[in-house]
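Here is what each chain is made of, one letter per residue.
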Amino acid sequence: MNNRIKKATTHIVQNEGLLFEESRTGRIGYAIPKLDVPEQADLLDKKFVRDDGLEGMPELSEVDVIRHFTRLSTWNYGVDTGMYPLGSCTMKYNPRINEKLARLEGIANLHPLTPDAYAQGAIEIIRHLEEALAQITGLAAVTLQPAAGAQGELTGIMMIRACLTARGNPRKKVLIPDSAHGTNPASAIICGYTVETVPSTNEGVTDLAALRAMMNEDVAALMLTNPNTLGKFEENIIEVCRIMHEGGGLVYMDGANMNALVGVARPGDFGIDVMHMNLHKTFSTPHGGGGPGAGPVAVTAELEPYLPFPRVERGADNKLFFNFDRPQSVGRLRAFHGNFGVLVRALSYILTHGDTGLREATETAVLNANYIAHHLQDTYEIAYPGALMHEVVFSDKYQLKHGIKNVDIAKRLIDYGFYPPTMSFPLIVHGALMVEPTETESREELDLFIDAMRSINQEAAEDADLLKQAPHTTKVGRLDEVGAARKPILRWKPDPKADSAGSKR
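Conventions adopted
- Residues numbered from 1 in each chain as written.
- Predicted model: local features only at pLDDT ≥ 70, side-chain atom pairs only at ≥ 80, totals over all residues.
- Heavy atoms only, no water.
- Helix = DSSP H or I, 4+ residues; strand = E, 2+ residues; numbered from the N terminus.
- Expected span 1.5 Å × (residues − 1).
- Contact = heavy atoms within 4.5 Å.
- 1 Å grid on protein atoms, 1.4 Å probe; cavity = no way out; pocket = protein on both sides within 12 Å on 5 of 7 lines; lining within 4 Å.
- Points joined across faces, edges and corners; volume = space filled by probe spheres on them.
- Nonpolar A, V, L, I, M, F, W, Y, C, P; charged D, E, K, R; others polar.
- pLDDT = per-residue confidence, 0-100.
- Pairing = 2+ DSSP bridges.
- Buried < 20%, exposed > 50% of the residue type's maximum accessible area, 1.4 Å probe, protein only.
- Axes fitted to C-alpha atoms, helices over the stretch in contact; angles between N-to-C directions.
- Parallel < 35°, antiparallel > 145°, perpendicular 65-115°, else oblique.
- Left-handed = near helix turned anticlockwise from the far one by under 90°.

1. Notes on helix α7 (residues 149-167)
Here is step 1: Over its 19 residues, α7 extends 27 Å from the first C-alpha to the last, a length consistent with the 27 Å expected when each residue adds 1.5 Å.
Here is step 2: The elements touched by buried residues of α7 are α8 (183-190), β4 (219-225), β5 (250-255), β6 (274-277) and β7 (297-299).
Here is step 3: One or two positions beyond α7, positive phi appears at G168, with a value near 125°.

2. Description of empty space enclosed by the protein
Here is step 1: Considering all chains together, one arrives at 2 cavities of 30 Å³ or more under this definition.
Here is step 2: Its volume calculated, the largest cavity comes out at about 80 Å³.
Here is step 3: Taken together, I126, E130, T143, L144, Q145, P310, R311, V312, F322 and H337 form the lining of the largest cavity.
Here is step 4: Listed by contribution, the elements that provide at least two residues to the lining of the largest cavity are α6 (120-137) and β8 (311-314).
Here is step 5: Its residues assigned to classes, the lining of the largest cavity comprises 5 nonpolar, 3 polar and 2 charged.
Here is step 6: The space that makes up the second largest cavity amounts to roughly 40 Å³.
Here is step 7: K92, N259, V262, T282, F283, Y349, L358, A361 and T362 together form the lining of the second largest cavity.
Here is step 8: For the lining of the second largest cavity, the per-class residue count stands at 5 nonpolar, 3 polar and 1 charged.

3. Quick notes on the confidence of the model for the protein chain
Here is step 1: Chain-level pLDDT for the protein chain is 89 on average; 90% of the residues reach the 70-or-more range.
Here is step 2: Low confidence marks residues 1-17, where pLDDT is under 50. Its contacts with residues over four positions away, or in another chain, come to 15 contacts.
Here is step 3: pLDDT under 50 marks residues 500-505. Its contacts with residues more than four places away, or in other chains, come to 22 contacts.

4. Comments concerning the sheet that holds strand β12 (residues 422-423)
Here is step 1: Reading across the sheet, the 4 strands line up as β10-β11-β13-β12 and stay open at both edges, with antiparallel pairing between neighbours. Edge positions in the sheet fall to β10 (381-382) and β12, since each has one partner strand and no second.
Here is step 2: Pairing of β10 with strand β11 (residues 392-395) involves 2 bridges; the strand directions are antiparallel. Looking at the pairing, I382 lines up with F394 of β11.

5. Things to note about the environment of I190
Here is step 1: Mapped onto the elements of the fold, I190 is located in helix α8.
Here is step 2: Overall, the relative accessible area of 63% leaves I190 in the exposed class.

6. Observations concerning the packing of α7 against α8
Here is step 1: The contact between α7 and α8 brings their axes to 9 Å, and the two run at 40°. Viewed along their axes, α7 and α8 adopt a mutual orientation that is oblique. Along this stretch, α7 crosses α8, giving a crossing that reads as right-handed. On α8, the residues that touch A150, E153, L154 and I157 of α7 are T183, N184, S187, A188 and I190.
Here is step 2: Counted by class, the contact of α7 with α8 contains 5 nonpolar, 3 polar and 1 charged residues.

7. Remarks on the environment of A162
Here is step 1: For A162, the location among the structural elements is in helix α7.
Here is step 2: In this structure A162 comes out as partly exposed when scored by relative accessible area, which is 23%.
Here is step 3: With 141 residues separating them along the chain, A162 and L303 place their C-alpha atoms 8.8 Å apart.
Here is step 4: Once you skip the residues sitting within four places of it in the chain, A162 turns out to touch Y306 and V330.

Here it is in structure tokens:
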């Protein structure tokens, strides 16, 4: 009996390859009625049929499959479970009113190829959101087409290149501060530019002297994240824009951290030429598992002609339509008109909050980050102290004397019921732990997080091995992350040596 209980326990906690381990020959989860028409054996040409078939696939009943995935779901962690302090991504709570509206039949079931005349409501949602985001950013026009922040960056640099080309010279280089988001250099290089790094000052903001020295007629743009990834507001942003504009360049702002600005400051007023926003961050729309997302791009009037097509316009009959006749456009960035369900959720978030609510959310996010920083500043090093915006970047400097690194702190935090913060980013902070609490966390939840971090610091001094072997309470222990990165298993393949009761992935 003891062995049976032990086996059952292993069955519950072990998740790797569980579907394959549960396979039993002849077990199925469906019942197809007898064929009542003449059988046609060769409906498809052989060249269209996979030769590996389903050999080696697990044979399971419906209840086997349901229990497997339901069990996995109970082991998962998300913002609906607890605090999600994943810095730079603002994984905050998605109000359920957003979900309810996005699931309305006329919205959720509308086909993307529906003629404009029969999709006026959906087009109005797009138009309304574009106008709201233009007002929030202080810029002239917005496209909702990009599906993510990185695609928004690409869109922005493509438009900058098109604009400078129209002026007579696309130029050669893009300047990027060392505190910017990591996808910025990739976006610039894809558009044909080389990249040069602008250093930060000891205060964690862009070095103006270095920027002036680097600015010349070869520089097309500066890609600036504001607030930057150190949690600092670029207080010299107006002067930064002036330097770039006087040199004939343009300023792209990575708006991934707009959660610290909405309702308080408008990038267009700083002198920004183009920026993207992350609806799946600042405006609360979910993007768990890598998608879907949305990275709208806002631009000045000078860059408006280069926005991706189609653009929403109102015809002489007062009806809205998608205009594809945009000769200066950089083209289409993705199919159809963006991730529409995500756009609906974002507009719902904006309208339910209103001006006052959006500002209050921003101010609370900034307050929460500074609250955590204040109560942990004696326990963990703050990489760049002083006034912070929506996030605080700690380092593992104080814990290293006990042999404890940021990864150990993060893994141990799981045992306390919290999702780990972003680790080892930004790159200019050694052993970084970036904490972004967002505005949705209560003071009580923040205090629990602070207590957990303090306890972990004490454990580092008293029992370092406890942290080095963490997590201890999860279904799966610490994984070989180096091995997983160097030898990833990206897809399942049938094992020709395995019988029907087991296969490898």
